[in-house]
Every structure is written in C-alpha cells, then in structure tokens.
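Observations on the three-dimensional arrangement
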Amino acid sequence: MKLVATPLLLCIALLHPVWVQAADTTPFSFGVIAKPVKASDSETVLREAITESDADNLAFVVASGIKAAEEPCSDSLYRNRKTLLDSAKNGVVVAVSGYDWTRCVNSKNRLIATDRMNRLRDLLFSEDLSLGDSKIPLVRQSTMPQFRSYAENMRWRIGDVMFATINVPANNNNYQYAAGHNTEFEDRQTANSDWLKRLFITAKIGKVDGVVIFCDGNPLLQAEHSSMFSSGKREGFADLRRQILAFADKYHGKILIVHSDYNTRATPSPKGISWRGNIGALRVEPPWRKIHVNPASADLFTLINPITVQAARH
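From a predicted model like this one, the values you see are computed outputs, not experimental measurements. (Residues numbered from 1 in each chain as written. Predicted model: local features only at pLDDT ≥ 70, side-chain atom pairs only at ≥ 80, totals over all residues. Heavy atoms only, no water.)

1. Observations regarding the state of the cysteines
Applicable threshold: When the sulfur atoms of two cysteines come within 2.5 Å, that pair is taken as a disulfide. Helix and strand definitions follow DSSP, with helices as H or I runs of at least four residues and strands as E runs of at least two, each counted in order from the N terminus.
Applying the stated rule across the entire model yields one disulfide. Covalent S-S linkage joins Cys 73 and Cys 104, the inter-sulfur distance amounting to 2.0 Å. The disulfide joining Cys 73 to Cys 104 has a torsion of about -85° about its S-S bond and is therefore left-handed. Here Cys 73, found in the loop between strand E2 (61-63) and helix H3 (75-86), pairs with Cys 104, found in the loop between strand E3 (91-94) and helix H4 (113-124); they are 31 residues apart in sequence, far enough to count as distant.

2. Here's the deal with the pattern of salt bridges
Quick note on the threshold: The salt bridge definition used is simple: a Lys or Arg side-chain nitrogen within 4 Å of an Asp or Glu carboxyl oxygen. Categorising residues by exposure relies on relative accessible area from a 1.4 Å probe, with only protein chains included: less than 20% of the type maximum marks a residue as buried, more than 50% marks it as exposed, and the intermediate range marks it as partly exposed.
Tallied over the full model, the rule gives 18 salt bridges. The partner of Asp 216 in a salt bridge is Lys 35, with the nearest N and O atoms 2.9 Å apart. With Asp 216 in the loop between strand E8 (210-214) and helix H6 (238-250) and Lys 35 in the loop between strand E1 (28-33) and helix H2 (42-54), this pair connects stretches of sequence that are 181 residues apart. When its relative accessible area of 3% is taken as the criterion, Asp 216 is described as buried. Here Glu 152 makes a salt bridge to Arg 121, at a shortest N to O gap of 2.8 Å. Separated by 31 residues along the polypeptide, Glu 152 in the loop between strand E5 (139-140) and strand E6 (154-158) and Arg 121 in helix H4 bring together distant segments of the chain. Accessibility classification places Glu 152 together with Arg 121 in one group, the buried group. Each of the salt bridges in this network shares a partner with another, and the network as a whole consists of Asp 75, Asp 115, Arg 116, Arg 119 and Asp 122.

3. Structural notes on the sheet that holds E2
Worth spelling out the cut-off: At least two DSSP bridges between two strands are needed for those strands to be called paired.
Taken in spatial order, the six strands make up an open sheet running E4-E3-E2-E1-E12-E13, and their pairing is mixed. The open sheet has two edge strands, strand E4 (131-132) and strand E13 (301-304), and neither has a second partner. Here three bridges tie E1 to E2, and the two strands are oriented parallel to one another. Its bridge partner being in E2, Val 32 is matched across the sheet by Val 62.

4. Examining empty space enclosed by the protein
Here the idea is plain: a probe the size of a water molecule rolls over the atoms and shows the empty space left. Defined as follows: Put simply, the grid is 1 Å and covers the protein atoms alone, a cavity is a trapped set of points that fit a 1.4 Å probe, a pocket is an open set with protein on both sides within 12 Å along at least five of seven lines, and lining residues have an atom within 4 Å of a point. Grid points are joined across faces, edges and corners, and a volume is the space filled by probe spheres set on the points. Only Asp, Glu, Lys and Arg are considered charged in this grouping, and only Ala, Val, Leu, Ile, Met, Phe, Trp, Tyr, Cys and Pro are considered nonpolar; every other residue, Gly among them, is considered polar.
Per the counting criterion, the structure on display carries four cavities of 30 Å³ or more. Its volume calculated, the second largest cavity comes out at about 80 Å³. Along the walls of the second largest cavity sit 15 residues, with Leu 124, Phe 125, Leu 129, Leu 131 and Arg 140 positioned nearest its centre. Those elements that place two or more of their residues in the lining of the second largest cavity are E3 and H4. If you tally residues by element for the lining of the second largest cavity, the top one is E3, at three residues. Taken together, the residues of the lining of the second largest cavity sort by class into ten nonpolar, two polar and three charged.

This is the structure:
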C-alpha cells in the first residue's frame, strides 16, 4: 500500500525533521530554575542556580523567567541576564515569565508590556539554538509566517519525551479587566492554541511517552482555586485547560505541566508532582529543581530536590 503524506504531515515534518525516532529508553535528567522573586538578590540567586546545575549531569536547563517583578525592564538588564544564562555549561532554554514583561511601565507609569515582550523576543529568542555551552536545537513557532512574532514558544525532543515552552503569564494569562485592552491577550491566545495543537499532533505522530510543558501560569487550576481570582471576571486559562484536558483524554502517555504560578495554592504531594490521571503539575520552588526521566518507569518523571541531594553528598 502506498502512503501519501498530507499537507499537514509535510508541514510538521519540515518544522520538526527529527520527530520520527526509534524508541529510546535511556534515562536522563533536566533542571528547572525558579523565576527570580526578590529584586535584591535576583541575579545572585540566578547565578548560584546556574553554578549548581552546571555541576550536575543534565540534558538541559530551563530558566523560568529572568527577572523579579520589581526589577527594571531595561534593555541593559535583559542583556545582562542573557549573558549570565549564556555562560552556563548546560544548554539553557528560557521560559518567559510574566515578571519579565507584563508589569513593565515607562517613565510616565504607562504600561509598555507589549513593547518589552517584543524586545525580549529580539534579545533572547532570535536563534534556533538554546543559550548555554551545550546548545540544543529548538523549533520555534515563529517559523510559521502567521505566528512569526511568537519566538518564545519553542519545542525540542530528547528520546521519547517532547518538551515545549508556551507564553502563559501567571497573572490570569495577562487578561486585562478593563474593556478594550485585550488585543495582546486575544492574539497570544490564538497563537498559543495553535502551538498546543501542533505540539500535540507532533507528539501523537512521534508516539512519544511524555510531553512536558513549561509555562509561568498553571492552566490546570480552576479560577476559584487562585488567590488572584475575582468573582465574575473572565478566567484567562480556561481555553488552554480545555485543550490540554481534551488531548490528555486520548493520549497514551503522560503530560507534565511545569509552572511558576505563586498565585495558586500548591497541592501537597509526597512525590512533589501532583498527578490527576495522566496529567501532572509541578510548581518550581527556588532556587531550582531537578527532574529525572526514566522511560522504563511507570512514573516516567521523578522530582529530585537538588538541596537534599547536595546535603547527602556532604
């Protein structure tokens, strides 16, 4: 029987030429650096997390944002943090945080969030490789003409696990309650929805065992579980959550959401990852966390607290 490639499959193959791979059961680990919280020690904590993760045997590291909320949104700070991340021995992928852009204002205290996000795209997301010394190849959503602005949405694959970043700020996905001020939200929502759709199609075709999504906000939690939710106002995560749940219902593998949403209550779990069916959620706490991936394990993902590991070594 002759197989005919559909336009959609050809598009996916062109965007991600390595999606067909042999099954790989080799275990590996990756690190996730928590987003900076205190402006006073933001750079110091980030530098120490890089040093500690450099000393570990990691496939890559994801940095959950580059600055604290109270730090300036200046080009010089953005460049300095890029230089710091680029000095890492591991390959480093930045999962943009709401702190990096959504609260930015100019000298007249006017919101300049979109301008700052565009600047971050120019400075941090212009290459097809990660930051750091051990660079890893990335597929960006910006390779698609209709979404050329969304270079911060990236994906890559290691063995039988697909990884992806998606720009979902923790402050209700940056949905603005003032009427007529949600062009940014609506445009990004369209891009994010398409990005997830293509990610899930690629994962299904590639028959991967797991999908890991790095984002700032946690789209899995209902609005009423958030300390920032105001009754009667639109929930910014609802559409993304429905999309993730719909895919999970038909997916044979596991989906892990790694987020930095401090506005939502952390669900206690003895293993650190809260599972509901085949969907898990992990809130990254400072300074950084290590996740081990073992394709031969039923759990697939295991959280390792690097502080405990280091203490045991001493």
